[in-house]
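For reference, the chains in residue letters:
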Amino acid sequence: RSASVRPAMSSIARALPWRRAQHGLLAALVLVAAARVPRQLWSATHPQSRYAFYRLEAARWIAAHVPAGEAVGSWNAGTLGYFAGHPVIELGGVVNDRTYFTEVVQGRRGTVFLDESRLEWFADHACRGESPTAFFASIGATRSAHQLATVTRFLSETDRRGCPGVGIWKRVVR
């Protein structure tokens, strides 16, 4: 062998462990991606395994049953706001103005806000038997949570806890 071939073969030999590591990493990534395929296929054929399915069902129910012009309050308002055909007030303070966040959420004045806004309809995540008490407590409106009547629920039938699911409540001032 000529002298010029030896250095080239020597650099190829040094690169081989790096090539093997690259191939091993690529194989691991392919295996991880392939392992997710059955779950994704199952989710695609079983949309009831996702909250989005139930939020969409709740939005359709709201569009058909809540009187025109009445707003709905929710801590997870995105899908409802898009599909319900009604104003949806995001009660968690994530997309509201700073005043709402500081006065209602941080100041825990949710009861005052709900009384002043005359908000009567609420929709949010709920499993079988759950009420939105924790959501209301997060803005200092526990009393308002006790004024709710469950109107309807959209729940998973395959999970014994009924999760995922969405509930719709109407505020009934007693």
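Preceding this section is the structure that the text describes.
So, here's what we can say about the structure. (Residues numbered from 1 in each chain as written. Predicted model: local features only at pLDDT ≥ 70, side-chain atom pairs only at ≥ 80, totals over all residues. Heavy atoms only, no water.)

Residue R108 is not a glycine yet carries a positive backbone phi of 55 degrees. Turning to its location among the elements, R108 is positioned in the loop between α4 (98–106) and α5 (110–117). The partly exposed category is assigned to R108, whose relative accessible area is 45%. Positive phi is not limited to glycine here, since R118 has a value of about 55 degrees. Within the fold, R118 resides in the loop between α5 and β3 (121–125). (Helix = DSSP H or I, 4+ residues; strand = E, 2+ residues; numbered from the N terminus. Buried < 20%, exposed > 50% of the residue type's maximum accessible area, 1.4 Å probe, protein only.)

Further remarks concern the side chain of T111. Structurally, T111 is set in helix α5. From its side chain, T111 meets the backbone oxygen of G140 in a polar contact 3.4 Å long. Beyond its immediate sequence surroundings of up to four residues, T111 is in contact with G140, A141, R143 and S144. (Polar contact = N/O pair within 3.5 Å; in protein donor to acceptor, adjacent residues only side chain to side chain. Contact = heavy atoms within 4.5 Å.)

Attention shifts here to helix α2 (residues 51–65). The terminal C-alpha atoms of α2, which comprises 15 residues, lie 21 Å apart, in line with the 21 Å expected from a rise of 1.5 Å per residue. Residues of α2 that are buried include every one of Y54, R55, A58, A59, W61 and I62, and no others. The buried residues of α2 occupy an angular sector of 165 degrees when projected down its axis, which confines them to one face. In α2, the exposed residues that point more than 90 degrees away from the buried face are R60 and A64. Packing partners of the buried residues in α2 comprise β1 (72–74), α3 (78–83), β3, β4 (148–155) and β5 (165–171). (Expected span 1.5 Å × (residues − 1). Arc of directions from axis to C-beta.)

For the rest of this paragraph, the subject is the environment of R160. Note on placement: R160 falls in the loop between β4 and β5. Residues R160 and C127 lie 33 residues apart in sequence; the distance between their C-alpha atoms is 9.6 Å.

Spatially, the five strands line up as an open sheet ordered β2-β1-β3-β5-β4, and their pairing is mixed. The outermost strands of the open sheet, each flanked by one partner alone, are β2 (88–90) and β4. The average undirected angle you get between the axes of adjacent strands in this sheet is 25 degrees. In this sheet, β5 lies alongside β3 in antiparallel orientation, the contact comprising five bridges. Bridging from a neighbouring strand, D124 pairs with G167 of β5. Lying over the sheet, α2 contacts β1, β3, β4 and β5, oriented at roughly 35 degrees with respect to β5. (Pairing = 2+ DSSP bridges. Axes fitted to C-alpha atoms, helices over the stretch in contact; angles between N-to-C directions.)

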